[in-house]
Amino acid sequence: KTLQEKLAARTIRKPPAIIYLILGYLWKALYMKRLNVNVEYRINLRDFRKGPCFVICNHQSRLDYIYTGIPFLPQRLNYVAGYNEFFRSHLAFVFRLLQIIPKRNFTPDIYTARAIKGIIERGGKVIVFPEGMSSIGGSNQPCALGSGNLLKHYKVPVLIVRLKGGYLTNTKYCLDERPGRVEVVIDSLFSPEDLERMTAEEIQLKLDEEIRHDDYEWNRRMRISYDGKGRMAHNMHHLLYWCPRCGTEFSMKGEGNTIRCSHCGNGAVVNEYYDLVPFDETCVIPETPRVWFDMERKNVYRAILDPDFLLREKVKLGVLPKYKYLKDQKTSEIAGEGELVLARDGLR
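Residues numbered from 1 in each chain as written. Predicted model: local features only at pLDDT ≥ 70, side-chain atom pairs only at ≥ 80, totals over all residues. Heavy atoms only, no water.

Novice: I'm lost on the overall build of the chain in this one. Help?
Specialist: When its secondary structure is counted, the chain shows 11 helices and 14 strands. Here the chain has a C-alpha radius of gyration of 22 Å; the compact-globule value for 348 residues is 20 Å, and the two agree. Overall size of the chain, expressed as C-alpha extent along the three principal axes, is 60 × 45 × 40 Å. Within the chain, contacts between residues separated by at least 24 positions form 69% of all contacts whose residues are at least 6 apart in sequence. (Helix = DSSP H or I, 4+ residues; strand = E, 2+ residues; numbered from the N terminus. Rg over C-alpha atoms; globule rule 2.2 N^0.38 Å. Contact = heavy atoms within 4.5 Å.)

Next comes the structure, spelled out in C-alpha cells:
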C-alpha cells in the first residue's frame with residue numbers, strides 16, 4: 001500500500017493515555033519555564049472532564065501544540081493537522097502515536113469528518129485551529145469556511161484558547177526560538193444551547209471575532225522583551241520584501257538586528273520589543289511589521305485590479321511521496337520544473 005492508502009485506512013481513536021501523558025509532562029518540563037508560558041483559566045476544566053467538546057485556538061506558531069496541550073493535562077486532545085505533514089519523517093511517527101487527525105487544507109475532507117465524528121461520539125475532545133495554517137505576519141487569518149457548520153452540527157461545548165506572544169517567540173520567517181512571554185487564556189466560547197440558537201453564519205462570524213489578535217500591536221502595550229540573540233531581523237525580508245520609501249520589491253535585506261533596502265538605503269533597527277526604529281528622519285518605516293505586511297497585501301490587491309495583470313515565475317513542482325517518508329524536513333519530492341502563470345483566466 002502507498003502511504004496515502006495506509007493513512008486513509010487508519011481509524012482514529014483517543015490518544016493512548018500513558019504515552020500522551022509522558023510526552024505531555026516531558027514537553028512541559030522542556031518548554032513552559034524556558035519560554036515563560038503563562039496560563040490563565042477562566043473556567044474550571046474539571047467541569048469538562050467528562051463528555052465531548054471542541055477546543056478552538058488561534059494559530060500563532062509551530063509550538064502551539066505545546067501551548068494548548070499542556071494546560072489541559074491530564075485530559076487528552078485529538079489534534080487536527082495538515083495532511084501533508086503526515087508524510088514528513090520527523091512528524092509521521094509521533095502523529096500516528098498521538099492519534100492526530102489529518103486534514104487537507106481549505107477543501108472538504110470526508111476522512112477528517114468521519115474521524116471527528118468518531119472521536120466526538122466516543123466522548124473525546126477535538127482541538128481545531130480554524131485558520132487552517134499558522135500566522136504569516138503576526139496576526140490571524142479568517143477561519144476556514146464551514147467552521148460554523150461543523151460546530152453547529154455537533155452541538156457540544158466549545159472552549160477557546162487565546163494565544164498571545166506565540167508568534168513573537170517563533171516567527172514564521174525565522175526558525176530561532178526567542179524567549180520572552182507567551183500568554184495562554186482558556187475560556188468557554190459556546191454552550192450547546194448557544195449552538196442550537198445561533199445560525200452557522202453567526203457562529204462563523206463569532207469565531208473570527210474571538211480569535212482576532214495582532215501580536216505586534218499587543219506587545220506595543222505589554223513591552224515584553226524577546227531574546228533574539230542579535231538576530232531580531234534575520235530573514236525578515238522574506239516577509240517584508242517591499243521598500244515603503246522607494247517602492248522597490250525584493251530589495252529589502254534582514255540581517256542581524258537591521259532591515260535595509262539595498263536600492264535606497266531605507267531601513268530600521270528591530271529592537272527586543274520588535275519595534276521598528278528608523279535609521280534616521282529620512283527613513284519611511286511603518287508602525288509595526290504587521291502594518292508593513294498589510295501594506296504589501298494592499299499593493300498586490302491594487303496590482304491584480306489591472307485587467308492585464310500577469311504573474312509568471314519559473315518553479316519546481318513538488319509532490320507527496322508514495323512509499324518513503326520525506327527526510328531532512330522536506331515538504332515534498334521534486335517531480336519536475338516548469339513555468340507557473342497566474343492571470344485573469346486562472347492558474348496554469
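Don't stop here, the text continues.
Novice: What exactly am I supposed to notice about the sheet that holds strand 5 (residues 125-128) here?
Specialist: To summarise the sheet geometry, strands pair through backbone hydrogen bonds and adopt either a parallel or an antiparallel arrangement. If you walk across this open sheet you meet the 7 strands as 1-7-6-2-5-3-4, and the pairing is mixed. Of all strands in the sheet, those bounded by a partner on one side alone are strand 1 (37-41) and strand 4 (101-103). Neighbour-to-neighbour, the strand axes of this sheet turn through a mean angle of 25°, independent of strand direction. Here strand 2 (residues 53-57) runs beside strand 5; their pairing, made up of 4 bridges, is parallel. Its bridge partner lying in strand 5, Ile56 is registered against Val128. Helix 6 (residues 147-154) contacts strand 2, strand 6 (158-164) and strand 7 (182-190) of the sheet and is inclined by roughly 155° relative to strand 2. (Pairing = 2+ DSSP bridges. Axes fitted to C-alpha atoms, helices over the stretch in contact; angles between N-to-C directions.)

Novice: Please explain helix 9 (residues 200-211) as it appears in this structure.
Specialist: Along an α-helix, a turn takes 3.6 residues, which lines up residues three or four apart on a common side. Helix length check: helix 9, at 12 residues, gives a terminal C-alpha distance of 17 Å against a target of 16 Å (1.5 Å per residue), a fit within 8%. Residues Ala200, Ile203, Gln204, Leu207, Asp208, Glu210 and Ile211 constitute the buried set of helix 9. On the buried face of helix 9, the contacting elements are strand 2, helix 6, strand 6, strand 7 and helix 8 (192-197). (Expected span 1.5 Å × (residues − 1). Buried < 20%, exposed > 50% of the residue type's maximum accessible area, 1.4 Å probe, protein only.)

Novice: Can you walk me through the side chain of Glu183 in this structure?
Specialist: Note that Glu183 resides in strand 7. A distance of 3.0 Å separates a polar atom in the side chain of Glu183 from a polar atom in the side chain of Arg181. Aside from chain neighbours lying at most four places away, what touches Glu183 is Asn38, Arg162, Leu163, Lys164, Trp218 and Met222. (Polar contact = N/O pair within 3.5 Å; in protein donor to acceptor, adjacent residues only side chain to side chain.)

Novice: Can you walk me through the sheet that holds strand 13 (residues 333-343) in this structure?
Specialist: Strands sit in the order 12-13-14 across an open sheet of 3 strands; the sheet is antiparallel. With partners counted over all chains shown, the strands left at the sheet margins are strand 12 (310-319) and strand 14 (346-347), one partner each. When strand 13 meets strand 14, the two strands line up antiparallel, connected through 2 bridges. Bridging across to strand 14, Ala343 finds its partner in Gly346.

Novice: Would you take a moment to explain unusual backbone geometry for this structure?
Specialist: Excluding glycine, residues mostly have negative phi values, and the peptide bonds linking residues are mostly trans. A cis amide bond links Leu73 with the next residue in sequence, Pro74, at an omega value of 5°. Structurally, the position occupied by Pro74 is in the loop between helix 3 (64-72) and strand 3 (78-82). In the Ramachandran plot, Asp328 falls in the positive-phi region, its phi being about 55° despite a non-glycine side chain. Checked against the element boundaries, Asp328 lands in the loop between strand 12 and strand 13. Exposure remark for Asp328: the relative accessible area of 69% places this residue in the exposed category. Even without being a glycine, Gln329 presents a positive backbone phi close to 60°. Mapping Gln329 onto the fold places it in the loop between strand 12 and strand 13.

Novice: What should I look at first to understand the pattern of salt bridges in this one?
Specialist: A full pass over the atoms with the stated rule returns 19 salt bridges. Between Arg290 and Asp214 there is a salt bridge, with the nearest N and O atoms lying 2.7 Å from each other. Placement of Arg290 in helix 11 (residues 289-304) and of Asp214 in the loop between helix 9 and helix 10 (215-222) is noted, with a sequence separation of 76 residues between them. Where Arg312 meets Glu339, a salt bridge forms, and the shortest distance between an N and an O atom there is 3.0 Å. Separated by 27 residues along the polypeptide, Arg312 in strand 12 and Glu339 in strand 13 bring together distant segments of the chain. When its relative accessible area of 43% is taken as the criterion, Arg312 is described as partly exposed. (Salt bridge = Lys/Arg side-chain N within 4 Å of Asp/Glu carboxyl O.)

Novice: What is the right way to look at the side chain of Arg162 in this model?
Specialist: Inspection of the secondary structure puts Arg162 in strand 6. A relative accessible area of 18% means that Arg162 is categorised as buried. Contacts of Arg162, omitting those with residues within four sequence positions, involve Arg42, Asn58, Glu183, Val184, Val185, Asp187 and Glu210.

Novice: So what exactly am I meant to see when it comes to the pairing of strand 10 (residues 267-270) here?
Specialist: Note on strand geometry: in a regular strand, side chains alternate between the two faces of the sheet. Pairing of strand 9 (residues 258-261) with strand 10 involves 3 bridges; the strand directions are antiparallel. Bridge pairing in strand 10 places Ile259 opposite Ala268. Hairpin connection from strand 9 to strand 10: 5 residues lie between these consecutive antiparallel strands, with Gly265 at a positive phi of about 85°. Judged from the 3 bridges that link them, strand 10 and strand 11 (residues 276-278) form a sheet pairing that is antiparallel. Directly across from Val269, in strand 11, lies its bridge partner Val277. Where strand 10 hands over to strand 11, the hairpin turn is made up of 5 residues, of which Tyr274 adopts a positive phi near 70°.

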